[in-house]
Amino acid sequence: MSLAVAVAAPPRRSIWRRGILSSRKGRIGFGILVGLLAVAVFAPLIAPHDPNAIDASRILAPPDLTHPFGSDALGRDVLSRVIYAYRVSLGVAVGSTLLAFLVGVPLGLYAGYHGGWVDTAIMRPIDMVLALPAMLLAVALIAVLGPGTNISAIAIAIIYMPILARVVRSSTLVVASQTYIEAARARGTSHRRIIASHVFPNAVGPAIVQATVLMGFALQIEAALSFLGLGAQPPTPSLGSMLADGRDVLTQAPWVEIFPGVAIAITVLAFNFFGDGLRLRLDPRGVAS
Amino acid sequence: MSAPAPLLALEHVHVGFATDEGVVSAVSDVSLAVNAGEIFGLVGESGCGKTTLAMAAMGLLPHSASVHGAVRFEGRDLVGLPEEDLRRLRGDRISMVFQDPMTSLDPAFPIGDQVAETIRAHRDVDKQQARARALELLAGVGIPEPERRYGDAPHRLSGGMRQRVVIATALANEPALLLADEPTTALDVTIQSQVLDLLRDLRARLRTTIVLITHDLGVIAQICDRVGVMYAGQLVEVAPVADIFRAPRHPYTQALLAALPSQQQEPGTLRVIPGRVPNLVTPPPGCRFAGRCPSVMDVCTTVPPLAHETDAHLIACWLSEATKRAGAPAGAAAGGAA
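All of these numbers come straight from a predicted model, not from anything done at the bench.

Asker: Please clarify how the interface of chain A and chain B should be interpreted in this entry.
Answerer: Interfaces are often sized by the amount of accessible area the parts lose when they come together. Across the contact, 20 residues belong to chain A and 25 residues belong to chain B. Broken down by secondary-structure element, the contributors of at least two residues to the side of chain A that touches chain B are helix H9 (179-186) and helix H10 (191-203) of chain A. A per-element tally of the side of chain A that touches chain B places H9(A) first, with 7 residues.

Have a look at this one:
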């Protein structure tokens, strides 16, 4: 029975629902992400303490019942800080990838569909950005624009935009050569409409998968930037800056380091699971395996 | 002579494709007139330029193609027309049906919307009106329960049903000219005859002129009024369909018909035309069939002009008196040099 389901192509419109529900990996990833998103959104309701409240009596206090993740070098509640840090880290990860998606996907579509000099004019500068090491580029951009969460989100978006543009361009090349695109032209459909309603829906799948996986990496980049002091600025907690705080007290109070680290690992893993689940649906080769 | 101006007139059309090996001469000096209301068959083997000719008429050739000559549609030359003007013609006055209905419908787009899109590209109607008209069209091409089918993705329809949708799309704005490029090749024989019946019925109902491109002589015999035979980019013979089958004049047409398997034939043997299609990057000067022609002569290195042997029967072969009369020997040097 399950074989028959796999063979029959699903109706295109329910692809999101099926993409999420059809594989266990996708379900797990989706479930964790929804949970984390809820944590980020409802942080003030969930957090047991003020994340920035300094308590001199609890400096590096180990985990106990009222402070399950312990306290850091300033006596702040690590659990509350992790919860608030999700706001920053998820916000930057999702926001930067969305920004990259919104800019990169139209560029890739346009370049792939029109080809020729349009393609060259769009893709060569993009290739140049792609040639630079991501982290170096981010640090350089922040050196110019100044540190902060918004700036690091923009820096990550600039790094990711070329990747998504490339992915969309290559899937667009395949789609644009299909007969149904030629048929749409033969019906007198305008280029703009062909791109929007025929090329985009058929070519965007791989970019969505890629964007999901990139969100996980974006979280890591944000953490790295904050770790280096270039992202979220104190006292705003970010998973990366918490790692930096924890490093100094690693031997005395490992909980300050471990909990944000585990939080990063779980989130990246969830993004990857979710991406894999989507890939199963959107990429035909994924279905076969 | 005093007949009304043809709906579609090709005048000395040449199409070349730039490739790494050189320019492929896909269509060479084709002149052809298609009259309003007729079903004109264009027959020839794969790669002989039939589809290229149709794409040239639609203005849909890729940038690598260069088109010379004139494609007159309703008196207007379409070659070199601005893209926006061509876009307005496509799907409105001229439509096209593609070979494979499995690939010519967008898999991510409900079938009804593909029909409605064609209407909205050319008519100032709102979504509801376009939908109502699309439903009418789907019913008109024999889709059962169009209301229920409207929102279906193409993969939920059989091949024959999909080709009906493609035809409904092509007819959405009641075009004057329908270019049908191998509309039945991808379909099995039963469905094939249904689609041909549908085309014939449409011609009767809407007076649509149809140019049917095919390599299948059986299809030509079933539905066409007149036939043009193409070989390696040249138009070699044009005649009413009965004449082509009864009295083919060009050696290629004769060979093509002789190659049709018949019941008298020894089982397991197929007659073939010896030799192979010339390389179109460096085509032979003159008649491109000369290399395979049983009656090849010295004069065949000069391009034979397409000439009226009778009022309705045109042929481009030096065996024909008409061609000899039309081809002034003085023009002989011109063809080879290019």
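Asker: Just checking my understanding: could you explain the environment of Arg24(A) for this structure?
Answerer: Residues and elements named next belong to chain A. Of note, arginine 24 is situated in helix H3 (residues 24-41). Judged by local crowding, arginine 24 falls into the exposed class, with 10 C-beta atoms found within 10 Å. As a C-alpha pair, arginine 24 and phenylalanine 274 span 250 residues in sequence and 9.5 Å in three-dimensional space.

Asker: Is there a simple way to explain the nonpolar core in this structure?
Answerer: A general feature of soluble globular proteins is that nonpolar side chains tend to end up buried together. In terms of nonpolar packing, the biggest core is built from 171 residues, with Ile156(A), Tyr160(A), Leu164(A), Ala57(B), Leu179(B), Val211(B) and Leu212(B) touching the most fellow members. Sort the elements by how many residues they give to this core and helix H5 (residues 78-114) of chain A lands first, with 19 residues. For Leu164(A), the contacting residues outside a window of four places in its chain are Ala100(A), Phe101(A), Gly104(A), Val105(A), Gly108(A), Ala207(A), Gln210(A) and Ala211(A).

Asker: Just to check I follow, could you spell out unusual backbone geometry for this structure?
Answerer: Glycine aside, residues mostly have negative phi, and peptide bonds are mostly found in the trans state. Cis geometry marks the peptide bond from Pro234(A) to Pro235(A), where omega comes out at 5 degrees. Following the sequence through the fold, Pro235(A) ends up in the loop between helix H11 (205-227) and helix H12 (239-248). Here Leu60(A), not a glycine, exhibits a phi torsion of approximately 55 degrees, which is positive. By the secondary structure assignment, Leu60(A) is in the loop between helix H4 (43-46) and H5. Although it is not a glycine, Asp29(B) adopts a positive phi angle of roughly 50 degrees. Here Asp29(B) is to be found in strand E2 (residues 22-34). A residue is classified by how many C-beta atoms lie within 10 Å of it, and Asp29(B), with 20 of them, is buried.

Asker: I tried to follow the environment of Val281(B) on my own but got confused; where do I start?
Answerer: All names here are of chain B. When you line up the elements, valine 281 lands in the loop between helix H10 (251-258) and strand E11 (307-308). Residue class for valine 281 comes out partly exposed when judged on the 14 C-beta atoms lying within 10 Å of it. Residues valine 281 and serine 25, spaced 256 residues apart in sequence, show a C-alpha to C-alpha distance of 6.2 Å. Excluding residues within four positions of it along the chain, valine 281 makes contact with Glu21, Gly22, Val23 and Val24.

What counts as what
- Residue numbering note: each chain is counted from 1, following its sequence as written.
- Chain A is the first chain written and ligand 1 is the first ligand written, with later ones labelled in order.
- Local features are withheld for residues below a pLDDT of 70 in this predicted model, meaning they are given only at 70 or higher, and side-chain atom pairs are given and counted only at 80 or more; totals for whole chains, interfaces and linings count all residues.
- By definition, residue pairs are in contact when their C-beta atoms, positioned from the backbone, come within 7 Å.
- Strands are runs of DSSP state E lasting at least 2 residues, helices are runs of H or I lasting at least 4, and numbering of each runs from the N terminus.
- Whether a residue is buried, exposed or partly exposed is read from the other C-beta atoms within 10 Å of its own C-beta, which are placed from the backbone; 20 or more gives buried, 12 or fewer gives exposed, and intermediate counts give partly exposed.
- We define the nonpolar core as any set of buried residues of the types Ala, Val, Leu, Ile, Met, Phe, Trp, Tyr and Cys, connected via C-beta atoms lying within 7 Å of each other.

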